[in-house]
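# Structural overview for review
So the chains spell out like this:
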Amino acid sequence: MAYSKVTRLDYRRPQSSSKSSLCSNTVMVVFIGLCLAVAWAMTSSRKFPVIISSSDNSSDEISSQFGDISTESSMEDSAQEGDFNTEPKVVFDDSNSDSTDSGDGTSEKTVQKTQDGEENQNDTENEEKSDTETTKIEQSVTEESEEEDQGSKSKSISNSKAEVFPDGAQSEILKETETQNGAFPTQAAESKNEKDMQILNLSKDKMKSYKWKLCNVPAGPDYIPCLDNEKAIKKLRSTKHYEHRERHCPEVGPTCLVPLPEGYKRSIEWPQSRDKIWYNNVPNTKLAEVKGHQNWVKVSGEYLTFPGGGTQFKHGALHYIDFIQKSFPDIAWGKRTRVVLDVGCGVASFGGYLFDRDVLTMSFAPKDEHEAQVQFALERGIPAISAVMGTKRLPFPGRVFDVIHCARCRVPWHIEGGMLLLELNRLLRPGGYFVWSATPVYQKLPEDVEIWNAMSALTKSMCWKLVNKTRDKINEVGMAVYRKPMDNKCYEKRAENKPPLCSATERSDAAWNISLQACMHKLPEESTERGSQWPSQWPLRLEKAPYWLESQVGVYGKQAKKDFEADYELWKRVAKNSYLNGMGIDWSKVRNVMDMRSLYGGFAAALKEMKVWVMNVVPIDSPDTLPIIYERGLFGMYHDWCESFSTYPRSYDLLHADHLFSKLKKRCNLLSIIAEVDRILRPGGNFIVRDKVDMVNEIEEIAKSLHWEIRMIYSKDTEGVLCVQKTMWRPK
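Since the model is a prediction, treat every value here as computed from it, not as a measurement.

### Looking at the state of the cysteines
Within the structure shown, the criterion is met by six disulfides. Disulfide pairing is shown between C226 and C249; the S-S distance is 1.9 Å. Around the S-S axis, the bridge from C226 to C249 shows a dihedral of about 115° and counts as right-handed. Highlighted residues: C226 in the loop between α4 (187–208) and α5 (230–234) and C249 in the loop between α5 and β8 (276–278), separated in sequence by 23 residues. A residue is classified by how much of its surface remains accessible, and C249, at 23% relative accessible area, is partly exposed.

Take a look at the structure:
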C-alpha cells in the first residue's frame, strides 16, 4: 500500500526517466519511514532504568556506611562481619518520592532533617510530566530521566524490595508506564503495579488499626507504670521496708501514651543543663522549698537552677569530691575508681560533677516525698534511676562497683542484721570502698553515737576495714571510708560466723526480683575468677578484654576474648560510618542514651568520645554479660522489657535496640513495648532499631501511627535498620 501511494504521488510529477523515478520513490520511502520513527519516539515516554547487581563492587562504598546489620547476638547464632551491600528497593508513597542515589546504581532510602526541622534531601529523582497521572511506585535505583522536572520531597521510606537481576550491567526493569499517545504498558508492568498498590493499601489499613489514647492516671505526665500501680500498692500488707516504693507492675502492660506537661520544651543541652533546666519540663517546686537552703535546687523565672549543693556539701559537689580525693588519695578518681553507685542521690549533683573527674555514677533514689529528685537528675543530663533499698536486690550484678557512696542517704544500715549493708557488700568490688558521709560519723548526739557504734561492730564483722575518717571544715561534715577485703582470709578467721556466708548455690549475680539475704558471698579464690584482680586503670579498661574471659566461650560462639574484640570493632565501625554521620542525628542534642539490649557494651564504648552516657540494659532473657560491661568501666542494669522501666517519662534522647523486638514479640505485647519506648523517649529524640526486616517494617508502621518522623530505613536480605524521631504529637 505504501508503494502504491508513493506511486500515485509520483504520477503528478513530470517523468524524465525510469531511473530517476526509481530514485525518487526510494527517497520518499526512506523519508516517510524516518518521519514515522521520529514521531513514535517523541510520543513515547517509557523509561528503562538499569539495575545494578548486588554483587557489583561499586556498591561497597555506599553499603560500608551502615556496617553489618546482621548482628543477631545469641548463644546459637554467629556474628556477621563485613560491610552491608545495598539492594534495590521499591518505594510506596501517596505523594512524591525521593531516593538517595550514589551515582553508580546503588541507593539507600534516607530522610534527614536539618536543625530547624526542615527535610534535607541528598539527591532528588527527576520525573517526566505527562498528560495523565503516572504510577506512584518507583524503583529506588534509576538512570537520570532525559527530560528533567522538579522533584519532590518525601517522608515515606521503602517497605519492600524489587527483584534483583543477575547481570546489573545488562538487566532492565520497567519503572513507569502510561497510555499517552498510544504507548501501551506491558502486562508485567500492570500486574506489578497492581500488586504494589495492594501492598500499599494493606499498609495503610494496618496503620489505621493502631489507635492511641492518653493515659488517664493520677500521675499524669510523670506516670511510671510499675511505681504508680495504686491498685497493687493498696493491697500491700506492710510498708515498713518501703515495699510501696518498690516495683509493682500491672498485669498487662499499658498501651496508652503519657501526656506532655503544659509548656514542655526540648531539654537544654549539656553541659548547661547541669546548672539549669526548663521549669515547665519538671514543674515541681516542693523540693526547692524544702532543700533550697542546702543548694539542691532553686526556682529562677522560667528555669529551675542547681547550684551543685547537697545536704552534706552545701558549698558545692566539686569541693566535696576534691575533699574526698585529698583526704584519701587511694580513691584515685577517674583512674582506679571509674564506676560509682550513689545511694539516695537527691538531685544527683555528686554524680553530675564526677563527670569532671572521668567517673561514671549510677545514682538512685526512691520515688518518695522528695518530689521528682530523680526526674530532676535525668532532665539535667545525669544518669539516675528510681529504686529503693527495700526487700529486693538492686538490679545489678555482684562485685561490680568500684566505690559506693552514701551522703545522708537515710538508709538504716545497722538494723536487722545489717541486711541493707550486706546488699552493698554484694555489689561492691573486692577491694572497693564505701564512702559514708552522715551525722553519726562526726556528731556526738546520743542517737548518732549509738548508730556509729552499731556500724563499727557490723563493718568489723563483715571484714570491712576503716581506712579513713576525716572532717571537712568548710562544709562542717565528716566522712568515713571502708574497704572491702580482696580474699576470704578474714572471713575464715572470724570467731563467729555472723553475718553468715551465703550457701555455695547462692549466686551473687542473680538480681531480678530476688529477695534480700542477710549473708555474705565468698570472694573468688582462683586468679582466673572475676573479682580476684582489680581492673586496669581507666581508660585502658574500656578497650581491654577482661582477664577472666580467657577460658570462656562468647555469645557469638567464639572464644570470649575474640568475641569481645570483634564486637568492639563492629560497633566502632557502625558508629563512625552510620550512627554519627549517616542518619542525620544532631548529636549536640543527645546526652542521655540507652542501649536496650547490650551485650559487651560495644555500642556504648564506641561513643566514648561523645559527651553522652549510655545506660546498658541486659534483658533478663539474654546472656548475662553485664559484669563484662562494668569491668570495662561502663554501667547498666538488668530489665524485663515486658514491664516498664524504672525511670520517669521523657528521660532519654536516644534509644538503641539491636535485635530486641523479634525476641520479645514471642512473649510480650509489642504495642505495650513501643508505648514504653514512647514514654521514656523525649520529643525530638531518636530511636534506632536493628532487627529482622519484617520486625523493622512492623515497627515502622507503628511509628507512623505515632506521627514519628521516619529518618532512615535500610535492609539487606532478612536484616534491617530503622531510625525514627519522636515528635510532640499526642492524641487528643
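Picking up where we left off.
### Concerning the pairing of strand β12 (residues 360–365)
Among the six residues of β12, six are classified as buried, and the element is accordingly described as predominantly covered. Side chains of β12 alternate between two faces, with L360, M362 and F364 and T361, S363 and A365 buried alike. Each parallel crossover has a hand, and for strand β11 (residues 339–343) linked through helix α8 (residues 349–354) to β12 it is right-handed. Looking at chain direction, β12 and strand β13 (residues 384–386) are connected through three bridges and run parallel.

### With respect to the pattern of salt bridges
Summed over all chains, the structure comprises 30 salt bridges. Between K265 and E302 there is a salt bridge; the shortest N-O distance is 3.5 Å. On the criterion of sequence distance, the pair formed by K265 in the loop between α5 and β8 and E302 in the loop between β9 (298–300) and β10 (303–305) is long-range, its members being 37 residues apart. Of the charged contacts in the structure, one is a salt bridge between K726 and D678, with a shortest N-O distance of 3.9 Å. One end of the pair, K726, is in the segment after β24 (719–725); the other, D678, is in helix α19 (residues 670–680), and 48 residues separate them in sequence. Each member of the pair, K726 as well as D678, carries the same accessibility label: buried. Here the salt bridges do not stand alone but share partners, grouping D402, R429, R541 and E631 into one network.

### A look at unusual backbone geometry
The linkage connecting W270 with the following residue, P271, adopts the cis geometry, with an omega of 10°. Along the chain, P271 falls in the loop between α5 and β8. One non-glycine residue, A348, adopts positive backbone phi at about 70°. Within the element layout of this structure, A348 appears in the loop between β11 and α8. Overall, the relative accessible area of 0% leaves A348 in the buried class.

About the thresholds
Residues numbered from 1 in each chain as written. Predicted model: local features only at pLDDT ≥ 70, side-chain atom pairs only at ≥ 80, totals over all residues. Heavy atoms only, no water. Disulfide = S-S within 2.5 Å. Helix = DSSP H or I, 4+ residues; strand = E, 2+ residues; numbered from the N terminus. Buried < 20%, exposed > 50% of the residue type's maximum accessible area, 1.4 Å probe, protein only. Right-handed = clockwise from strand over helix to strand, strands pointing away. Pairing = 2+ DSSP bridges. Salt bridge = Lys/Arg side-chain N within 4 Å of Asp/Glu carboxyl O.

Remember, this is a structural readout, not a statement about activity or role.
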